[in-house]
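Geometric and topological summary
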Amino acid sequence: MVRLEPRRQHSQAMVYLSPVLAILMTLIVGGIIFSFMGKNPFDALYTFFILPINNSYGISELFVKATPLVIIAIGLSMGFRANVWNIGAEGQLTMGAIFGGGLALYFYDSESMFLLPAMFVLGAIGGAFWGAIPALLRTRFNANEILTSLMLTYVATLFLSFLVHGPWRNPEGFNFPESRPFPDAGLLPVIYDGTRVHLGTAFAVLVVIAGWILLSKSVIGFQLRVVGKAPQAARHVGFRQKRMVWFTLLLGGALSGLAGLFEVAGPIGQLQPAISPGYGFTAIIVAFLGRLHPLGVLFGGLIMALTYLGGELAQITLGLPNAVTGLFQGILLFFLLACDVLTKYRVRFGTPAAKGEAA
Amino acid sequence: MTGGSKPAQLEVRGVTKAFPGCLANDDISFRIEPGEIHALLGENGAGKSTLVKIIYGVLQADLGELLWEGKPVTIHSPHDAREMGVGLVFQHFSLFETMTVLENIALAMNDVRDMAALRQQVIEVEKTYGLPLDPDRHVYTLSVGERQRIEIVRCLLQNPKLLILDEPTSVLTPQEVEKLFETLRRLADEGCAILYISHKLHEVKALCQKATVLRGGKVVGGCDPREETAKSMAEMMIGQKLTAPDRSGTRKFGDVRLDISDLSLISDEQFGTDLKGIGLKVRGGEIMGVAGVAGNGQNELFQALAGETEIIVAPDCIKIDGNPVAHFGPRRRRRLGAAFVPEERNGHGAVPDMNLAENGFLTAFRRMALSARGLIREVPTRTFADKIIKTFDVRTTGASAEAGSLSGGNLQKFIVGREILQDPGVLVISQPTWGVDAGAASAIHQALLDLAAKGTAVLVISQDLDEIFAICDQVVVMAEGKMSAPRAMADVSVEEIGLLMGGLHDLDGDVTLKTKELIEGDRVGQA
């Protein structure tokens with residue numbers, strides 16, 4: 001018989017081993033699924049996970065995809081640490097793109113060097129604004145932020161859809177539901193010639209470092225951790241939970257908004273109905289895969305970015321549906337959560353002997 | 001005592017039980033005769049609860065055997081144990097607050113076909129053993145002592161031959177304890193064996209005829225408690241000489257440092273206790289004890305004092321060194337020199353998954369200047385934790401150990417030390433030695449006395465009267481959210497405090513009387 005036995009102390013080794021184990025199991029199950037679909041599992045896995053990054057352009061694309069994931073996941077992981085479950089990063093990303101992109105469209109013939117910084121500010125404000133709504137509902141009316149932030153995502157994407165189908169549609173665009181292309185002054189400079197790696201990628205690295213300092217070295221990061229781990233202790237020493245709800249939702253929203261702006265001002269270059277292949281949701285997996293730690297998030301972001309690239313390649317060369325990407329992401333999250341049980345419990349084989357703790 | 005010709009009700013032979021990293025029971029042997037009240041003594045962690053779980057079938061022994069009336073038995077589950085005739089009254093009750101006494105009893109029985117018959121049985125048992133209890137009252141209206149009676153009635157309905165009580169008096173007033181003892185003596189007279197688990201030695205001395213002492217999972221001795229002193233048994237339990245707290249220093253009281261006046265508060269919890277017009281002054285150098293049975297407003301009082309509950313409308317009802325603070329949160333009160341130690345260590349006084357350095361930072365970062373420009377100052381933070389560990393003899397691997405890995409006594413020493421090293425002007429501490437081993441408890445008591453000697457006003461909220469008598473200068477009693485007038489420790493007796501603790505239970509008196517009449521009426525009817 002197989003049993004789970006509680007550990008006396010959380011296993012630090014398992015905290016870091018669990019994502020590795022989850023990735024291995026995802027590969028095994030993925031291989032099995034490919035073989036059921038009549039593909040050679042080794043070929044398919046190679047196509048999915050190795051082929052996309054066996055050249056320098058592929059690696060640069062990996063950074064492009066990882067950029068929004070990492071930026072968003074850093075913000076989300078702060079919230080998750082404090083038990084604030086912001087599920088609506090996708091919506092905050094969209095609002096950031098609308099606010100910042102809106103400015104670029106308003107000054108569509110601008111050549112000012114101030115346009116781009118102003119777009120950054122507005123993008124962050126847009127995301128923070130969309131994060132502020134669940135924060136207000138939670139702190140004033142005790143409404144669950146999981147539901148409100150998720151539902152607001154659909155409001156935001158529909159709002160974007162309305163804008164690009166209607167008022168912000170490119171008058172010279174042959175009726176396609178797209179905005180005007182942003183002026184050059186409103187586009188992120190590419191920082192490595194011949195690739196799409198843009199200024200946002202450099203910003204993502206800064207966010208990782210700043211996130212690490214905030215979480216591990218600052219008093220506010222300490223408060224976040226205490227609120228999450230022991231709410232009663234936080235209350236006892238006067239760390240206010242409401243303030244943490246506001247802080248994490250505003251921060252997470254602002255970072256998501258910036259990530260959204262980087263997408264439209266970077267690889268896309270205009271507003272269109274779909275500006276993100278679910279980065280805001282995938283970032284949730286990135287945050288957990290990275291153990292809610294900024295440095296871990298960096299690695300998690302690269303791994304999840306690979307699933308996007310692999311999914312695209314699998315569509316082209318193997319003729320597999322796009323859903324394969326989501327499938328892999330889902331399997332990975334599933335195994336990750338399952339493996340996390342092992343940080344608190346150990347697996348024992350044999351008959352149950354001890355149910356209680358020593359007296 | 002008995003020669004061994006007559007079989008014991010229960011004999012435990014060489015029982016051994018190991019958990020990962022700890023031998024909880026090591027070759028334990030003892031016997032309980034029918035009609036004997038047998039004490040199982042030992043500190044927290046001595047292995048008492050493990051042994052009880054083995055006897056009650058919750059755990060299985062690795063080695064050794066149990067003999068029931070002379071025959072070897074294997075007890076697979078609590079169900080088996082009950083079948084055999086073992087009854088267990090838990091330390092914490094498992095009752096449904098919103099259901100009646102009778103419904104709660106019915107829920108615990110294996111099969112109840114006829115509620116009317118059960119009711120008759122319950123009344124019968126209550127009558128026989130002097131356990132007045134109205135079967136139709138809702139549990140949430142009952143005092144803790146009355147709730148315990150439900151548990152006992154539950155057990156007695158199954159006609160046990162061995163009744164086990166695990167720390168039954170920790171929640172009772174002295175008067176309630178006396179009532180419980182009468183019931184237990186009557187049961188023993190009828191031949192029921194009783195295994196009484198406690199670390200309260202004067203109770204064991206008053207009740208039990210035999211005692212088995214456990215330390216570190218082993219039997220370290222047996223005795224007749226009636227022939228021992230509490231001190232000699234305590235030394236057997238902890239395996240070393242006990243030193244009484246030293247309060248030799250001359251006590252001088254200064255100005256009032258903590259001033260509570262007309263503090264009233266509606267509890268926001270469903271079964272919480274409202275505070276009604278609490279007033280109390282604690283002077284510098286003075287240790288004020290707040291006695292009372294748990295659940296009479298002590299938690300609400302602590303939260304109001306610590307700033308977990310803010311009283312915006314009446315800032316004046318709590319003053320620290322003359323400053324009105326009732327409208328402040330915990331951090332501003334701490335800045336004025338107050339410090340607080342809550343009852344619960346894990347998750348309230350400390351964060352179990354954080355290390356000791358971080359837990360030191362938790363309450364001390366302002367006063368000890370452990371942060372600068374919004375960042376944690378790593379070196380002073382570690383130094384502060386190391387200093388607590390060293391000054392208060394906290395047994396741990398170091399400042400990087402997770403708080404949750406420390407034993408209760410060591411973590412409590414750390415938490416108390418963290419507050420004392422901040423040199424507070426006012427210290428409010430709730431249940432300072434709850435679930436703490438005797439060595440740590442005496443260290444904490446000494447630390448509190450030393451702190452008061454330096455001029456701090458100390459308020460100790462405790463259910464443990466021995467503790468209050470050991471360290472306090474004055475005592476007040478809380479009952480149903482009200483507070484009695486302070487009395488000097490020198491001219492108050494345990495009985496008086498006990499009466500105050502139960503004093504406001506008069507409200508229940510009517511119902512209790514009614515039950516008595518019911519029972520007596522029944523008796524007349526039968527005659």
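See the structure above.
Conventions we followed
- Residues numbered from 1 in each chain as written.
- Chains lettered and ligands numbered in written order.
- Predicted model: local features only at pLDDT ≥ 70, side-chain atom pairs only at ≥ 80, totals over all residues.
- Heavy atoms only, no water.
- Helix = DSSP H or I, 4+ residues; strand = E, 2+ residues; numbered from the N terminus.
- Buried < 20%, exposed > 50% of the residue type's maximum accessible area, 1.4 Å probe, protein only.
- Contact = heavy atoms within 4.5 Å.
- Areas by Shrake-Rupley, 256 points an atom, 1.4 Å probe, with all protein chains shown as cover.
- Expected span 1.5 Å × (residues − 1).
- Arc of directions from axis to C-beta.
- Salt bridge = Lys/Arg side-chain N within 4 Å of Asp/Glu carboxyl O.
- Pairing = 2+ DSSP bridges.
- Axes fitted to C-alpha atoms, helices over the stretch in contact; angles between N-to-C directions.

1. Some thoughts on the overall build of chain B
Each helix and strand in chain B was counted, giving 17 helices and 23 strands. Within chain B, buried positions represent 53% of all 527 residues. In chain B, the proportion of contacts linking residues at least 24 apart, taken out of those at least 6 apart, comes to 67%. Of the accessible surface of chain B, which amounts to about 22,000 Å², a share of 52% is contributed by carbon and sulfur atoms.

2. With respect to helix H13 (residues 323-344) of chain A
All names here are of chain A. Spanning 22 residues, H13 covers 33 Å between terminal C-alpha atoms, matching the ideal 32 Å at 1.5 Å per step. Among the residues making up H13, those that are buried are Val324, Thr325, Phe328, Gln329, Ile331, Leu332, Phe335, Leu336, Cys339, Leu342 and Thr343. Mapping the buried residues of H13 onto a view down its axis gives an arc of 160 degrees, with all of them on the same face. Pointing more than 90 degrees away from the buried face of H13 are the exposed residues Ala323 and Phe334. In the core, the buried residues of H13 are packed alongside helix H1 (12-36), helix H2 (41-49), helix H11 (279-289), helix H12 (294-318) and strand E2 (345-349).

3. Quick look at the pattern of salt bridges
The full count for this structure, using the stated rule, is 28 salt bridges over all chains. Here the residues in one salt-bridge network are Glu11, Arg13, Arg31, Glu33 and Glu65 of chain B, joined through shared partners.

4. A word on the side chain of Asn86 of chain A
Residue and element names in this part refer to chain A. Inspection of the secondary structure puts Asn86 in the loop between helix H3 (56-81) and helix H4 (89-106). Look at Asn86 and you get buried, because its relative accessible area is 4%. For Asn86, the residues in contact, after removing those within four places along its chain, are Leu76, Phe80, Gln92, Glu145, Ser149 and Leu249.

5. Brief notes about the sheet that holds strand E3 (residues 37-41) of chain B
The strands that make up a sheet pair up through hydrogen bonds in the backbone, lying either parallel or antiparallel. All names here are of chain B. Strand order in the open sheet made by the 6 strands is E6-E7-E8-E3-E9-E10, with mixed pairing throughout. Each edge of the open sheet is held by one strand with a lone partner, namely strand E6 (86-89) and strand E10 (218-223). Across the sheet, the axes of successive neighbouring strands diverge by a mean angle of 20 degrees, strand direction being ignored. As paired strands, E3 and strand E8 (residues 193-198) are joined by 5 bridges and run parallel to one another. Within the sheet, the bridge partner assigned to Ile37 lies in E8 and is Ile194. Where helix H5 (residues 144-156) meets the sheet, it contacts E6 and strand E7 (162-166), and its direction lies at approximately 175 degrees from that of E6. Contacting E3, E7 and E8, helix H6 (residues 174-189) runs over the sheet at an angle of about 145 degrees to E8.

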